[in-house]
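Residues per chain, in single letters:
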Amino acid sequence: MNQLYALLVGITRYRSPDIPDLRAPANDVAALKAVLQSHYGVPVGNIHRLLDEEATREGIRAAFREYLIARAGSGDAALFYYSGHGSQAPTVDPRLEPDALDETIVPHDSRTPRVYDIRDKELGAWVAELGRRGVSNVTVVLDKCHAGSGWRAADPGEAIPHAIPKDERKPQPALKDWDGETLSDPALWRAHPEHIFIAACLDVEQSYECFFSSSPDGQVGGQFSILTYYLLRALREPGPDPTYSTLFNRIAPLVTGRMSSQHPQIEGRVERRLFDGVFLPRRPGLPVTHILGDRLTLAGGVLHGLAVGTVLDLYPPGGQGEPIGAAHVEGVGIDQATARLQPGAEVAALETGTEARVAGGNYGVRRRSVAVEGEGTLAQAIQAALVGEGLYLALVDPRLGSEFRVVVEGEHARICGASRDEVLVPSPSGPNLPDEIRRCLWHMVRFRNALTMENPASALNGSVQLWLRGGEGRLSPDAGGGYRLRSGDEIWVEVENRGGRDFYLTLFDFNPSFGVTRLYPYPGHMHETFRAGASPFVIGWGEYAKPLPIWLPEGRTQGDDYLKLFITSAPVNYLDVLVQSDLAEAPATPRGISFRATGALAQLVTETVTGRPSRVGVRAADDWAAIQIQCTVTV
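Below, the structure is looked at part by part. (Residues numbered from 1 in each chain as written. Predicted model: local features only at pLDDT ≥ 70, side-chain atom pairs only at ≥ 80, totals over all residues. Heavy atoms only, no water.)

### Comments concerning the pattern of salt bridges
The full count for this structure, using the stated rule, is 28 salt bridges. Between Arg-368 and Glu-403 there is a salt bridge, with its nearest N and O atoms 2.6 Å apart. Separated by 35 residues along the polypeptide, Arg-368 in strand β19 (residues 368–373) and Glu-403 in the loop between β20 (393–396) and β21 (404–409) bring together distant segments of the chain. According to the relative accessible area criterion, Arg-368 is buried, its value standing at 14%. Note that Arg-531 and Asp-502 form a salt bridge whose closest N and O atoms lie 3.2 Å from each other. Separated by 29 residues along the polypeptide, Arg-531 in the loop between β29 (516–520) and β30 (537–539) and Asp-502 in the loop between β27 (490–497) and β28 (504–510) bring together distant segments of the chain. Taken together, the shared-partner salt bridges in this structure form one network comprising Asp-294, Arg-295, Glu-330 and Arg-340. (Salt bridge = Lys/Arg side-chain N within 4 Å of Asp/Glu carboxyl O. Helix = DSSP H or I, 4+ residues; strand = E, 2+ residues; numbered from the N terminus. Buried < 20%, exposed > 50% of the residue type's maximum accessible area, 1.4 Å probe, protein only.)

Quick look at the structure:
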């Protein structure tokens, strides 16, 4: 029988007099141990705790090896939980860190002579070792700050940040494997993208602890870390078939509601069931973040396709079973909406994390033109499928110019660009050909809308230089700044900050099959500051920073691959709504992700995805730019 092995680390007291003590970590660990035993049946022998003096640098490392790596096997699950101070230290490889800093957890004996923090890459190497031993179901929860910051004394009722200033000592020690060998290959640092990583806050924020009037089990109150407190409450009442996604959607708004400057983050394959790794694909829903009488607030807005009048079905957290009610949208913004319950809804069954799914209503339009050429039943059926299709497409007379043309010949059709000679989809197929053609057109329009996003007026334009690298070093662009590649070539992207400002980066690959993939931040990693004057760093493919393979779809002899980099003045987590699969793989539909977004880029993303001209107040401090490289790919 598969087992769950847990290593729980809580550090309240620190050896160095320069590190202030905390109050919550011991309570956090005790409560988490109790809930794992009582609600998830984890044997006491499978849970190991490290507290205070036990949680030295070597103590944490040895326990990870003894209680997780040595015991968990294929099919088992592993949980690493840390509550304590977090900080930063100079990175071991500036090429791979835009801010030249590694995030750290602070062991009990850190900041004493020759004892350093545990860096994110070091922890990543430990988790990756679990993966190499066949343990794919790994959960890491870090209730600590990502960015170094000052600390102040606090009264029992005040919130205490889990942060201390970064460790400036140099040189920092090299990363070592379990046998003492230096870890020089980034492939040995990075966890698998299916592993779950939950962070208490963004890298520029602090996480906090504070006093709660009752403990997570409803008993006597005490001091708890805010993320952990709501995590424990959700774990005690997880609902049917709970996934990491439903768990996070329940706790994130509660954390931010308690401390407005703290925004939890999650990465990984979040639609897996808690602790057992079973993937539970679901139709995506938008979580309810606040309930007041018959009024609901949703973590989704026009970016997800909502508009005033949209009708929503409401499901219990997790989205299973029958609807428990319905609501209609009354107000909508970029990243959130308000709705009113319709008569008959089970108000008592509603809670934070209830899922709302669109049942009907009103989508915005940023359309591109399409013409249907041909006669007969099939041509008429395709036209009927596209008439009134307001989300992305505007049907026009074939005698006029159009961005797309559907050419029908008998019982067959092909999708072309502006001319018949530009064949994009030679033979769409499916049980319902008109619907398949509409799906393909949707997909391609979303791709083109995203690819054309730009901000010529940005002060960030010119701040970043991009190069492509091959196995022998930098590649040479052509006269127009593009690159000529062969299908099968492998590349890296090198990025340099040439401006005088700090900013954040998000890199996407737009491939010849109309797929969009996020390359950076890497899976399992959050946004990090790309500091002015930092050394150039190299972005590869996936969790191991391998070279990015460039390829052409089968049957194509030439195509274009684009690498598009978004540069933002603040970290953003809503750009992933632009991601879509290759054209042949799955429908392209607006993704039900949760984010907080304001400003100019959010406004344009909204218009890109939904087509609706948005009415967002743009703050002067918000700025963004985009730069892209075109790669002409031939066989």
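Structure's up, so let's keep going.
### Topic: the packing of helix α1 (residues 25–40) against helix α4 (residues 226–236)
The contact between α1 and α4 brings their axes to 10 Å, and the two run at 10 degrees. The angle between the axes of α1 and α4 places the two elements in the roughly parallel class. Across the interface between the two elements, Asp-28, Ala-31, Leu-32, Val-35, His-39 and Tyr-40 from α1 touch Thr-228, Leu-232, Leu-235 and Arg-236 from α4. Here the contact of α1 with α4 is built from residues that sort into six nonpolar, two polar and two charged. (Axes fitted to C-alpha atoms, helices over the stretch in contact; angles between N-to-C directions. Parallel < 35°, antiparallel > 145°, perpendicular 65-115°, else oblique. Contact = heavy atoms within 4.5 Å. Nonpolar A, V, L, I, M, F, W, Y, C, P; charged D, E, K, R; others polar.)

### Things to note about the sheet that holds strand β7 (residues 137–143)
Here we have six strands laid out as an open sheet, ordered β2-β1-β3-β7-β9-β12, and mixed in their pairing. In this open sheet, the two edge strands, each paired with only one partner strand, are β2 (47–51) and β12 (265–267). Averaged over all adjacent pairs, the angle separating strand axes in this sheet is 10 degrees, with direction ignored. Across seven bridges, strand β1 (residues 4–10) lies against strand β3 (residues 77–83) in parallel orientation. The residue of β3 that forms the bridge with Tyr-5 is Ala-78. Across the sheet, helix α3 (residues 120–132) lies against β3 and β7, angled at about 160 degrees from β7, the strand it touches most. With respect to the sheet, α4 is in contact with β3, β7 and β9 (196–199), its orientation differing from that of β7 by roughly 135 degrees. (Pairing = 2+ DSSP bridges.)

### A look at α1
The terminal C-alpha atoms of α1 lie 21 Å apart, and with 16 residues this matches the ideal 22 Å at 1.5 Å per residue to within 8%. Every buried residue belonging to α1 is among Pro-25, Asp-28, Val-29, Ala-31, Leu-32, Lys-33, Val-35 and Leu-36, and all of these are buried. Where α1 is buried, its residues touch β1, β2, β3, β10 (208–214), β11 (220–225) and α4. Immediately beyond the C-terminal end of α1, within one or two residues, lies Gly-41, with a positive phi of roughly 65 degrees. (Expected span 1.5 Å × (residues − 1).)

### Let's talk about the environment of Glu-54
The residue Glu-54 is located in the loop between β2 and α2 (57–69) in this model. For the pair Glu-54 and Ile-11, spaced 43 residues apart in sequence, the C-alpha separation works out to 9.0 Å. Sequence-distant contacts of Glu-54, defined by excluding residues within four places in its chain, comprise Arg-49 and Gly-59. A polar contact is formed between the side chain of Glu-54 and the backbone nitrogen of Leu-51, at a distance of 2.9 Å. (Polar contact = N/O pair within 3.5 Å; in protein donor to acceptor, adjacent residues only side chain to side chain.)

### Quick notes on the packing of α4 against helix α5 (residues 244–258)
Between α4 and α5, the least distance of the axes is 9 Å, while the angle of their chain directions is 140 degrees. α4 and α5 meet at a crossing whose hand is right-handed. In this structure, α4 contributes Ile-226, Leu-227, Tyr-230, Leu-231, Ala-234 and Leu-235 to the contact, and α5 contributes Leu-247, Arg-250, Ile-251, Leu-254, Val-255 and Arg-258. The class makeup of the residues in the contact of α4 with α5 is ten nonpolar, no polar and two charged. (Left-handed = near helix turned anticlockwise from the far one by under 90°.)

### Looking at helix α6 (residues 377–386)
Along α6, the residues that are buried comprise Leu-378, Ala-379, Ile-382, Ala-385 and Leu-386. Axial view of α6: buried residues confined to an arc of 125 degrees, hence all on one face. Relative to its buried face, α6 has exposed residues pointing more than 90 degrees away, namely Thr-377, Gln-380 and Ala-384. In this fold, the buried residues of α6 make contact with β19, β20, β21, β22 (412–416) and α7 (433–451). (Arc of directions from axis to C-beta.)

### Remarks on the pairing of β28
Burial runs high along β28: seven of the seven residues are buried. The alternating pattern of β28 places Tyr-504, Thr-506, Phe-508 and Phe-510 and Leu-505, Leu-507 and Asp-509 on opposite faces, both of which are buried. Two strands pair when backbone bridges link them, and β28 and strand β32 (residues 558–568) are joined in this way by seven bridges, in the antiparallel orientation. By the bridge assignment for β32, Thr-506 is matched with Phe-566.

### What about the sheet that holds strand β8 (residues 160–161)?
Pairing in this open sheet of three strands is antiparallel, and the strands run β8-β10-β11 from one edge to the other. The open sheet has two edge strands with one neighbour each: β8 and β11. Each of β10 and β11 touches α1; the most contacted strand, β11, lies at about 105 degrees to it. Of the strands in this sheet, β10 and β11 are in contact with α4, which crosses β10 at around 45 degrees.

Geometry only, nothing functional implied.
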